[in-house]
Amino acid sequence: MTHVLIVGSGPTGLTLAIELARRGVDLRIVEKSPVHPAGVRGKGLQPRTLEIFHDMGVIDEILATGAVYPPLRAYKDGQTVWEGRMHEPKEPSASVPYPMVIMQPQWRTERILRERLARLGHEVELGVEVTAFEQDAEGVTATLADGERIRCAYLVGADGGRSTVRKALDVGFVGETFESERMLLADVKVPDVDREHWHLWGDMAGRKLDVSLCPLPGTDLFQLTAPYAGEDDVTRILDEHAGVKPTEVVWRSEYRVNIRMAERFRVGRVFLAGDAAHVHSPAGGQGLNTGVQDAYNLGWKLAVGSEPLLDSYEQERMPVAEHVLGLSTRLLREGDHTRDEETQQLTLGYWYGPLSEGPRGGERVPGVYGGGRFTLLADTTERYGDAVRVLPPLPGQEGVLLVRPDGYVGYDGDEAGVRAYLSRLGVETA
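Scoring rules and cut-offs
- Residues numbered from 1 in each chain as written.
- Predicted model: local features only at pLDDT ≥ 70, side-chain atom pairs only at ≥ 80, totals over all residues.
- Heavy atoms only, no water.
- Pairing = 2+ DSSP bridges.
- Helix = DSSP H or I, 4+ residues; strand = E, 2+ residues; numbered from the N terminus.
- Axes fitted to C-alpha atoms, helices over the stretch in contact; angles between N-to-C directions.
- Contact = heavy atoms within 4.5 Å.
- Buried < 20%, exposed > 50% of the residue type's maximum accessible area, 1.4 Å probe, protein only.
- Polar contact = N/O pair within 3.5 Å; in protein donor to acceptor, adjacent residues only side chain to side chain.
- Phe/Tyr/Trp six-rings, centres within 6.5 Å; stacked < 30°, edge-to-face > 60°.
- Lys NZ or Arg CZ within 6 Å of the ring centre and 35° of its normal.
- Core = buried A, V, L, I, M, F, W, Y, C linked by side-chain atoms within 4.5 Å.
- 1 Å grid on protein atoms, 1.4 Å probe; cavity = no way out; pocket = protein on both sides within 12 Å on 5 of 7 lines; lining within 4 Å.
- Points joined across faces, edges and corners; volume = space filled by probe spheres on them.
- Nonpolar A, V, L, I, M, F, W, Y, C, P; charged D, E, K, R; others polar.

(A) Region of interest: the sheet that holds strand E21 (residues 388-391). If you walk across this open sheet you meet the 4 strands as E21-E20-E22-E23, and the pairing is mixed. Looking along the sheet, the strands with just one partner apiece sit at the ends: E21 and strand E23 (409-413). Each adjacent strand pair in this sheet contributes to an overall mean axis angle of 20°, direction not counted. Bridge analysis of strand E20 (residues 374-377) against strand E22 (residues 400-403) gives 3 bridges, and the strand direction is antiparallel. In the strand pairing of E22, Leu 377 is matched with Leu 401. Of the strands in this sheet, E20, E21, E22 and E23 touch helix H10 (residues 418-425), which is tilted by about 20° from E22.

What follows is the structure, given as structure tokens:
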């Protein structure tokens, strides 16, 4: 029996697959599309996501092939009317090792994650669609479009905003779809536009964007963004609003602004993650990053498999998703192009979560990458087996800190309580 069946191979599904594979968990990851997606779609990787990618072993390629966001330059009536930055330049520090948002086309992020997964011995199964499933006390039986039935201990729906898994669970997807707020996205070649700026045309004072062109690192493409009002001709849009002409339109798509969240993230042995659990406006670059962090939270818990850990996924991630939905909606309404610590997702934590014990429980611990294990920060000779590594305490630290595999404090107290805490979570110690 497969331990975990992952439905969907975007950044969320791939992150979860890597987290399970590096812990030796048997898995399958299936994708109903016969090909991997080509469009840019989400492109901003927030500092917290970069920390996760460090721990997953993909940060070097992410940084080598991506780039920080270029300066913004706005035009009106053929004149430059404003210049600025979305993110102020910052140097790395011990508390924020990756301070800058990195621009990375989503197709390349997914390719890097697939290559990491392949090195761990797993491949995405393309053209494989889950059409139905049923669960019982022992596991889940999924039915594929070709009639094959897969028996697994757990099933995770990471299959996007139109999630088949969520619909099959009959879980409500509460929120709004803004029919009047539709956007056109396209990947275009425009050789006559400089690649040192993100170009915007429109009424900046009135926060009305007509069209923008953002240079995509490591390519000769720009991502075009424009309000969609029924005009399908990308060449005409650029000519009318920007006075430039593309030589090629490589990919294009339209989307409506959706702001929704699932009423449940877990139903028995089935979980929802990423866009299957919450969809955001594009403002602030929160959607992809929140999905990656869903998977990073869930992976180690599925690997252990205890009920307290599995229950905690929904209890911890639903409040985060609700907060991020509110943030991205506010940024959409304000039309503000600048970003700050709030969008970097470094200030998020699980202070009131069920796994957080002690004054610092739930707090993010910068620079502690567990490599899939718990980390005990303590001055001790005690050893706890393969599940826990021991490192010296942090400067000024009082007592001991037990850091979860996802980099947040689980237990803050004295060393006598460490084994009891791990036992409550179902983690075996030596």
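(B) Structural context of the side chain of Gln 104. Residue placement: Gln 104 occurs in the loop between strand E7 (102-103) and helix H4 (106-119). In this structure Gln 104 comes out as buried when scored by relative accessible area, which is 1%. At 3.0 Å, the side chain of Gln 104 and the backbone oxygen of Ile 62 are in polar contact. For Gln 104, the side chain forms a polar contact with the side chain of Thr 65, separated by 2.9 Å. In this view, Gln 104 contacts Gly 42, Lys 43, Leu 45, Glu 61, Ile 62, Thr 65, Gly 66, Thr 109 and Ile 112; residues no more than four positions away in its chain are not counted.

(C) Representation of the packing of aromatic side chains in the model. Inspection of the entire model under this criterion finds 8 aromatic pairs. Note on Phe 271 and Tyr 313: the rings are 6.0 Å apart at their centroids and 70° apart in plane angle, and the pair reads as edge-to-face. Taken together, the residues span a long stretch of sequence, with Phe 271 in strand E18 (residues 270-272) and Tyr 313 in helix H8 (residues 307-334) at a distance of 42 residues. When sorted by exposure, Phe 271 lands in the same class as Tyr 313, which is buried. Chaining the aromatic ring pairs together yields one cluster made of Tyr 154, Phe 265, Phe 271 and Tyr 313. Above the plane of the ring of Phe 173 lies Arg 166, whose end atom (NZ or CZ) is 3.6 Å from the centre. Above the face of the Tyr 154 ring, Arg 269 is positioned so that its terminal group lies 5.0 Å from the ring centre.

(D) Quick peek at the nonpolar core. With 69 residues, the main nonpolar core has Leu 5, Phe 53, Leu 155 and Leu 302 as its most contacted residues. Residue contacts for Leu 5: discarding those within four places in its chain leaves Arg 28, Val 30, Val 130, Ala 142, Ile 150, Cys 152, Tyr 154, Leu 155 and Val 156. One finds Val 193, Ala 226, Tyr 228 and Val 234 within the second-largest nonpolar core, a separate group that totals 18 residues.

(E) Geometry of the pairing of strand E13 (residues 198-203). Burial analysis of E13 places 5 of its 6 residues in the buried class, which makes it a mostly covered element. Relative to E13, strand E5 (residues 72-76) runs parallel, the two sharing 4 bridges. Within E13, the position partnered with Tyr 75 by the bridge is Trp 201.

(F) Examining empty space enclosed by the protein more closely. As enumerated under the stated definition, the model contains 2 cavities of 30 Å³ or more in all. If you add up the space inside the largest cavity, you get close to 70 Å³. What lines the largest cavity is Arg 48, Glu 51, Ile 52, Asp 55, Tyr 296, Val 365, Gly 367, Val 368, Tyr 369, Asp 406 and Gly 407. Looking at the lining of the largest cavity, the element that brings in the most residues is helix H2 (residues 47-56), giving 4 residues. Computed from the structure, the second largest cavity encloses a volume of approximately 40 Å³. Taken together, Arg 48, Ile 52, Gln 293, Tyr 296, Asn 297, Tyr 350, Asp 406 and Tyr 408 form the lining of the second largest cavity. Contributions of two or more residues to the lining of the second largest cavity are made by H2 and helix H7 (287-304). Tallying contributions element by element places H7 first for the lining of the second largest cavity, with 3 residues. A class-by-class count of the residues in the lining of the second largest cavity yields 4 nonpolar, 2 polar and 2 charged.

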